[in-house]
Amino acid sequence: MTVYFIGAGPGAADLITVRGARLLASCQVCLYAGSLVPRELLADCPAGAELVDTARLDLDEITAALVRAHRDGHDVARLHSGDPSVFSAVAEQMRRLDAARVPYEVVPGVPAFAAAAAALKRELTVPAVGQTVVLTRVAQRATPMPPGEDLPTLAASGALLVLHLATGYVDRVVEELLPHYGAGCPAAVVAYASRPDEVVLRGTLGTIAEQVHAAGIRRTAVIIVGRTLAAESFPDSHLYSTARPRD
């Protein structure tokens, strides 16, 4: 058997990949985060499949369920919101499966920051304005950030920042970013990206915190700060530029 870590996408059930949907329909066991993964996806599981909501399970209990399925000869769809490569807690599960000699594969999904950019109708990398995107979070009630990855240090680059798991601490985020970006820097918050209850807030670093508080957004959102969010005057990309020499 195989455990498939499948990126379920940012929220809309139809944003799972074709490969992910195909595997989901073939696995007799499905572990999913009930608070994050759309319930509609579970309808794609085969009839009689064992469905396990991991929202209230700890890592040892999740590992035990995966190992038990392996022992019983069942393939497992391990659904994670967004994409498994970012803030998914997949690494510690894979480490335990390696120790237990349980085979696994990873199926990428649409990450939250990509869905947020789509909601904003913005490309996050714009020629001559910004070509770097930093994906990060804040250390509050979570694992401490490694040395050199604090917000002021990352902000010193001036790159576009995408902060996950941070809207509950938006005041602190703004305070730490203001010296580097300025109050007029474009900022946005997208909550529940791609879902029917999606919320999109647009403003500046000086106004975004007030908007977040007024909207009551605390979780399931990303904060985006950077010049590319409002870029209008910029050169065409070299890839399609009419000035580029033709071969």
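Since the model is a prediction, treat every value here as computed from it, not as a measurement.

Calculation rules
- Residues numbered from 1 in each chain as written.
- Predicted model: local features only at pLDDT ≥ 70, side-chain atom pairs only at ≥ 80, totals over all residues.
- Heavy atoms only, no water.
- Helix = DSSP H or I, 4+ residues; strand = E, 2+ residues; numbered from the N terminus.
- Polar contact = N/O pair within 3.5 Å; in protein donor to acceptor, adjacent residues only side chain to side chain.
- Contact = heavy atoms within 4.5 Å.
- Buried < 20%, exposed > 50% of the residue type's maximum accessible area, 1.4 Å probe, protein only.
- Pairing = 2+ DSSP bridges.
- Core = buried A, V, L, I, M, F, W, Y, C linked by side-chain atoms within 4.5 Å.
- Domains from an automatic or database assignment.
- Buried area = accessible area lost by both parts, 1.4 Å probe.
- Salt bridge = Lys/Arg side-chain N within 4 Å of Asp/Glu carboxyl O.
- Axes fitted to C-alpha atoms, helices over the stretch in contact; angles between N-to-C directions.
- Parallel < 35°, antiparallel > 145°, perpendicular 65-115°, else oblique.
- Left-handed = near helix turned anticlockwise from the far one by under 90°.
- Nonpolar A, V, L, I, M, F, W, Y, C, P; charged D, E, K, R; others polar.

Asker: Give me the lowdown on the side chain of H80, citing residues and values where you can.
Answerer: As for its position among the elements, H80 is in strand β4 (residues 76–80). A distance of 3.2 Å separates a polar atom in the side chain of H80 from the backbone oxygen of S88. Here the side chain of H80 touches Q93 through a polar contact of 3.2 Å, side chain to side chain. What H80 contacts, discounting residues up to four positions off in sequence, is F5, I6, G7, A8, G9, V37, S88, V90 and Q93.

Asker: How would you summarise the pairing of strand β8 (residues 186–191) if you had to cite specific residues and measurements?
Answerer: With six of six residues buried, β8 lies mostly within the body of the structure. Of the two faces of β8, both are covered, the one formed by P186, A188 and V190 as well as the one formed by A187, V189 and A191. One ladder, built from six bridges, connects β8 with strand β9 (residues 199–204); its direction is antiparallel. Directly across from V190, in β9, lies its bridge partner V200. Here β8 pairs with strand β10 (residues 221–225) via five bridges, running antiparallel. Paired with A188 across the bridge in β10 is I224.

Asker: Which residues make up the nonpolar core, and what values go with them?
Answerer: Ranked by size, the top nonpolar core spans 27 residues in total, and within it L161, L163, L177, Y181, V189 and V225 carry the most contacts. Sorting the residues of this core by element identifies α5 (151–155), β7 (160–164), α6 (170–181), β8, α7 (208–215) and β10 as the ones contributing at least two each. The leading source of residues in this core is α6, at five residues. With near-sequence residues (within four places) excluded, L163 lies in contact with T136, V138, L151, V173, A221, V222 and I223. With 17 residues, the next largest nonpolar core counts I16, L23, L24 and Y32 among its residues.

Asker: Which residues make up the domain arrangement of the chain, and what values go with them?
Answerer: Interfaces are frequently sized by the accessible area removed from exposure as the parts join. Domains assigned within the chain are domain 1 (3–107) and domain 2 (112–230). Relative placement of domain 1 and domain 2: their C-alpha centres are 28 Å apart. Between domain 1 and domain 2, the residue contacts involve eight residues of the former and ten residues of the latter. At the boundary of domain 1 with domain 2, total buried surface from both sides reaches about 720 Å², with 64% on carbon and sulfur atoms. If you look at where domain 1 meets domain 2, you find zero salt bridges. The tally of links from domain 1 across to domain 2 stands at two residue pairs in polar contact (both at pLDDT 80 or more).

Asker: Explain the environment of T204 residue by residue, including any values.
Answerer: Within the fold, T204 resides in strand β9. Look at T204 and you get partly exposed, because its relative accessible area is 24%. Along the sequence, T204 and C185 sit 19 residues apart, while their C-alpha atoms lie 5.3 Å from each other. Residues within four places of T204 in sequence aside, it is in contact with A183, G184, C185, P186 and A187.

Asker: Hey, could you go over the sheet that holds β8 for me, with residue numbers and the actual values?
Answerer: Spatially, the five strands line up as an open sheet ordered β6-β7-β10-β8-β9, and their pairing is mixed. Two strands in the sheet have a free side with no partner beyond their single neighbour: β6 (133–137) and β9. For this sheet, the mean inter-axis angle between neighbouring strands, taken without regard to orientation, is 15°.

Asker: Mind laying out the sheet that holds strand β1 (residues 3–7), listing which residues take part and the relevant values?
Answerer: Taken together, five strands build an open sheet; the order of strands is β3-β2-β4-β1-β5 and the sheet is parallel. The sheet is open, and its two borders are formed by β3 (50–53) and β5 (104–107), each paired with just one other strand. Ignoring strand direction, the axes of neighbouring strands in this sheet form an average angle of 20°. Alignment of β1 against β5, held across four bridges, turns out to be parallel. Paired with F5 across the bridge in β5 is V106. Helix-sheet contacts for helix α3 (residues 90–100) involve β1, β4 and β5, and the interaxial angle to β1 is about 170°.

Asker: Break down helix α4 (residues 112–120) for me, citing the residues and quoting the values.
Answerer: Those residues of α4 that sit buried are A115, A116, A117, A119 and L120. Against β8, β9 and β10 lie the buried residues of α4.

Asker: Can you lay out the packing of helix α2 (residues 59–72) against α3 for me, pointing to particular residues and giving the numbers?
Answerer: Direction vectors running N to C along α2 and α3 enclose 45°, while the axes themselves pass 10 Å from each other. Taken as axis vectors, α2 and α3 run oblique relative to one another. α3 is crossed by α2, and the crossing has right-handed handedness. In contact with L59, D60, I62, T63, L66 and V67 of α2, α3 contributes E92, Q93, R96, L97 and A100. Grouping the constituent residues of the contact of α2 with α3 by class yields six nonpolar, two polar and three charged.

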